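# Examination of the molecular architecture
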Amino acid sequence: MTTAHLKLHQKGIVILDFGSQYNQLIARRIRETGVYSEILPYNTPIQKILEKKPSGIILSGGPSSVYAADAHLISPEIFEVGIPVLGICYGMQLITHLLQGKVAKGKIGEYGKAIFFKDTDHMLLDRVPHQSQVWMSHFDEVTKLPEGFVTLGHTDTCIAAIANDSRQIYATQFHPEVSHTTYGKQILTNFVKNICKTQSNWDLYNYIDQTVYNIKKTVGSQKVILGLSGGVDSSVAAMLIHKAIGDRLTCIFVDTGLLRKDEAQKVMKTYGEHFQINIKHIDASKQFLSALKGVTDPEKKRKIIGRLFIEIFDKQAALIKDAVFLAQGTIYPDIIESQSAKGGPSATIKSHHNVGGLPEKMHLKLLEPLKELFKDEVRKIGLELGIPHHMIMRHPFPGPGLAIRILGEVTPEKVKILQKADAIFIEELYKNNLYDKVSQAFVVLLPVKSVGVMGDERTYEYTAVIRSANTTDFMTAVWSRLPYDFLDKVASRIINEVKGINRVAYDISSKPPATIEWE
């Protein structure tokens with residue numbers, strides 16, 4: 001790691017994860033201020049935290065009660081090291097509990113939007129009006145402040161912001177990191193810049209040069225293998241590594257036959273022909289479709305696809321002699337989730353959509369140039385590297401591909417039907433300048449046939465469902481309010497142009513309770 005690169009990781013903000021579903025949002029909001037941030041498990045030893053030389057520490061929210069038998073507690077020593085601390089939700093209750101204040105069950109919980117009343121002017125609440133909207137998610141509340149603390153603001157039901165300036169300890173009961181807290185970003189900026197005195201030290205454009213330098217230094221004259229999917233993460237990783245070592249990178253593109261319409265041709269043309277990246281295109285569509293024959297359970301589909309992908313990749317990688325490194329498009333949220341799974345408090349809600357990891361028996365060193373970045377940062381780097389906008393800004397696509405957008409058994413016929421229908425939907429979104437206004441859009445094919453009439457003939461064909469969702473973080477989402485005329489056009493085109501579909505529905509479910517993908 002270069003001296004310049006090391007500085008990006010110092011004088012930043014450390015976020016201790018107590019199980020909040022919003023902890024990634026905290027880190028992203030801090031980085032938006034131009035300051036480096038990273039998330040660590042709540043039980044990270046104090047010495048390891050201090051080694052990072054942070055300018056500030058944030059204690060995240062969490063689902064526990066500080067009085068629960070299995071509560072996630074830390075040593076009060078963290079308040080004695082001279083580093084400003086901000087507690088959020090559970091973090092505020094934890095500060096209160098550890099410093100001899102009192103926390104108790106509230107008479108009623110606060111979940112969702114609330115009105116925050118600022119009681120006094122304070123640098124944490126600089127430029128925050130005396131009345132604003134905040135986002136709450138708690139039942140416990142602070143009933144007695146620790147010695148030396150003052151109340152900065154309240155809601156109708158609880159103390160909502162506190163401070164102890166002499167000890168540089170601050171807290172909010174609400175979540176400033178979520179978009180529903182109107183002045184939340186301002187509050188976090190106030191903490192980072194006004195209280196922690198942190199200078200801007202997170203520059204993505206410098207990050208490119210530093211990362212390329214680090215790849216050159218790490219790899220030297222050796223060879224690297226990368227599994228290229230055509231998705232954002234693997235593509236940007238490939239571009240960075242290719243920029244650093246050129247033809248000593250070999251990308252293996254396994255075509256599962258479950259990709260978007262003409263996806264393989266687009267990947268080879270963009271990255272192979274245009275950027276001159278060395279890519280081995282493996283058409284394994286027949287193998288995947290054969291392995292999925294008769295399978296209807298979505299988890300079994302994932303496992304079959306993941307296992308077969310690994311087998312094919314492993315076989316092809318073995319043909320590349322003298323390769324030393326395996327590169328992956330791992331991004332920071334993947335690291336956080338892995339961290340939590342190995343002892344942190346965050347729970348896994350469901351299995352991930354992406355194909356599983358590659359086998360350890362390959363005995364290759366791991367190269368992960370994006371592991372410190374969030375998805376939006378990866379996209380910015382991709383654009384800076386020259387990847388076309390329509391490729392880098394594409395909506396998320398699941399690792400198992402269309403297999404989990406075809407409910408029930410996957411067959412070659414159904415894949416072709418869905419590819420055509422999905423391509424029409426995406427094409428119309430682009431033509432009507434709607435694609436960049438929605439977060440994720442696709443078509444689902446149901447294992448349901450119904451009667452229809454086309455011309456003077458009776459039909460009995462499949463039902464397709466249009467799905468489009470809007471979100472800022474993919475943890476919650478609302479269905480897209482697409483114009484009726486647009487939906488009419490899309491449905492008409494699909495029914496008329498795609499043989500095998502005679503009925504189209506529009507999914508108006510939000511997340512939660514639904515998920516964005518259907519399987």
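For the structure, check the block above.
Every chain is numbered on its own, with residues counted from 1 as its sequence reads. The predicted nature of this model means local features are confined to residues of pLDDT at least 70 and side-chain atom pairs, given and counted, to a pLDDT of 80 or more, with totals for whole chains, interfaces and linings taken over all residues. In computing side-chain values, all of the structure's heavy atoms are included and hydrogens and water are not.

Moving on, we get to the nonpolar core. Think of a nonpolar core as a cluster: buried Ala, Val, Leu, Ile, Met, Phe, Trp, Tyr and Cys residues, connected wherever their side-chain atoms sit within 4.5 Å. For the exposure calls, accessible area comes from a 1.4 Å probe over protein chains only, and a residue counts as buried if that area is under 20% of its type's maximum, exposed if over 50%, partly exposed in between. In terms of nonpolar packing, the biggest core is built from 48 residues, with Phe425 and Leu429 touching the most fellow members. A run of DSSP states H or I qualifies as a helix once it reaches four residues; a run of E qualifies as a strand once it reaches two. Both are numbered from the N-terminal end. Elements that contribute at least two residues to this core include exactly β11 (249-255), α9 (285-291), α10 (298-318), β13 (323-327), α14 (412-431), β15 (440-454), β16 (457-470) and α15 (484-497). A total of eight residues in this core trace back to one element, the largest contributor, which is α14. Residue contacts are defined here by distance: any two heavy atoms, one from each residue, within 4.5 Å place the two residues in contact. Each residue touching Phe425, except ones within four places of it in the same chain, is listed here: Ala441, Phe442, Val443, Ile466, Arg467, Ser468, Leu482, Phe486 and Val490.

Each Phe, Tyr or Trp ring, with Trp reduced to its six-membered ring, pairs with another whose centre is within 6.5 Å; inter-plane angles below 30 degrees give stacked pairs, above 60 give edge-to-face pairs, and intermediate values give tilted ones. Tallied over the full model, the rule gives eleven aromatic pairs. Between Tyr271 and Phe275, the aromatic rings sit 6.2 Å apart at their centres with planes inclined by 25°, giving stacked as the arrangement. Across this residue pair, the class does not change: Tyr271 and Phe275 are buried. On the basis of an interplanar angle of 80° and a centroid distance of 6.2 Å, the ring pair of Trp479 and Tyr506 is categorised as edge-to-face. One end of the pair, Trp479, is in strand β17 (residues 478-479); the other, Tyr506, is in strand β18 (residues 501-506), with 27 residues separating them in the sequence.

On to the pattern of salt bridges, then. Any carboxyl oxygen of Asp or Glu within 4 Å of a side-chain nitrogen of Lys or Arg constitutes a salt bridge here. Taken as a whole, this structure holds 21 salt bridges when the rule is applied. The partner of Arg31 in a salt bridge is Glu377, and the shortest N-O contact between them spans 2.8 Å. With Arg31 in helix α2 (residues 23-32) and Glu377 in helix α12 (residues 375-384), this residue pair connects regions lying 346 residues apart in the sequence. Side by side, Arg31 and Glu377 carry an identical accessibility label, which is buried.

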